[in-house]
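Okay, here's what each chain looks like letter by letter:
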Amino acid sequence: GAVVSQHPSWVICKSGTSVKIECRSLDFQATTMFWYRQFPKQSLMLMATSNEGSKATYEQGVEKDKFLINHASLTLSTLTVTSAHPEDSSFYICSATPATTDTQYFGPGTRLTVL
Amino acid sequence: AQTVTQSQPEMSVQEAETVTLSCTYDTSESDYYLFWYKQPPSRQMILVIRQEAYKQQNATENRFSVNFQKAAKSFSLKISDSQLGDAAMYFCAYLYSGGGADGLTFGKGTHLIIQP
């Protein structure tokens, strides 16, 4: 149980384009999902908290107009990187928490490369 | 704000031996959780073990156990009978449990190498 999927697993795009990453909880409902970013050989940094049916909460320094988050259902959150630039290249990981626990379960991550 | 510190960037251990990974944290809260996650080369984050701060008993999961010292704000991970599959990055993480949904605060990680 507690499986989280992400799609795509990797994406390459041109500078200036937008990219959408999906995060799904497969066997549980999640009112809250989280988006993290991990640069090479570094730790995970929380970007934003995605709340079902309401606006996302962004961490300090994260541009909400650049990283659009939509949590349209109890099993799906999407992260859209708008007008991507090479400095947005990174590994993006989502997590979700079942209602019965405080443990976060992670998706397999999405590697974004912006050319 | 809470912080998590892992002072060992890299550790090496012989297969079948025991290794301990260190983690300290700083928080002004009394209700929280602590976790150890493993990130193998696939980069999938895998939960290793969790500890509730209100519990005095140290958590154990098979070959993995923790030494939780709340007063010292220390949370080390002991891996017994190390196996080649244990090779990975290990991250210590903190979660405030006082209300609402919070994200995890991670340490910088420890790269664990298993020598055959």
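Calculation notes
Residues numbered from 1 in each chain as written. Chains lettered and ligands numbered in written order. Predicted model: local features only at pLDDT ≥ 70, side-chain atom pairs only at ≥ 80, totals over all residues. Heavy atoms only, no water. Contact = heavy atoms within 4.5 Å. Buried area = accessible area lost by both parts, 1.4 Å probe. Salt bridge = Lys/Arg side-chain N within 4 Å of Asp/Glu carboxyl O. Polar contact = N/O pair within 3.5 Å; in protein donor to acceptor, adjacent residues only side chain to side chain. Helix = DSSP H or I, 4+ residues; strand = E, 2+ residues; numbered from the N terminus. Phe/Tyr/Trp six-rings, centres within 6.5 Å; stacked < 30°, edge-to-face > 60°. Core = buried A, V, L, I, M, F, W, Y, C linked by side-chain atoms within 4.5 Å. Buried < 20%, exposed > 50% of the residue type's maximum accessible area, 1.4 Å probe, protein only.

1. Comments concerning the interface of chain A and chain B
Contact residues are listed per partner, giving 20 residues for chain A and 18 residues for chain B. For the pair chain A and chain B, the two sides together bury roughly 1,500 Å², of which 53% comes from carbon and sulfur. Between the two partners, chain A and chain B, sit 0 salt bridges. At the junction of chain A and chain B, the tally comes to 11 residue pairs in polar contact (both at pLDDT 80 or more). When contributions to the side of chain A that touches chain B are tallied by element, the ones reaching two or more residues are strand 4 (32-38), strand 5 (44-51) and strand 9 (90-96) of chain A. When residues in the side of chain A that touches chain B are grouped by element, the largest group, 4 residues, is from strand 4 of chain A.

2. What about the packing of aromatic side chains?
Summed over the entire model, instances satisfying the criterion amount to 14 aromatic pairs over all chains. Here the aromatic rings of A:Tyr36 and A:Phe106 are separated by 5.6 Å at their centres, their planes lie at 45°, and the arrangement is tilted. Here A:Phe106 lies in strand 10 (residues 105-106) and A:Tyr36 lies in strand 4, a separation of 70 residues in the sequence. Members of the aromatic cluster, connected to one another through ring pairs, are A:Tyr36, A:Phe106, B:Tyr33, B:Phe35, B:Tyr37, B:Phe91 and B:Phe106.

3. A closer look at the nonpolar core
B:Leu21, B:Tyr25, B:Trp36, B:Phe75, B:Leu77, B:Tyr90 and B:Leu112 are the most contacted members of the largest nonpolar core, which totals 26 residues. Looking at this core, the element that brings in the most residues is strand 10 (residues 88-96) of chain B, giving 4 residues. Those residues within four positions of B:Leu21 in sequence are excluded, and the remaining contacts are B:Gln8, B:Met11, B:Trp36, B:Ser76, B:Leu77, B:Tyr90, B:Thr110 and B:Leu112. Membership of the second largest hydrophobic core comes to 23 residues, among which are A:Phe67, A:Ala84, A:Tyr92 and A:Leu112.

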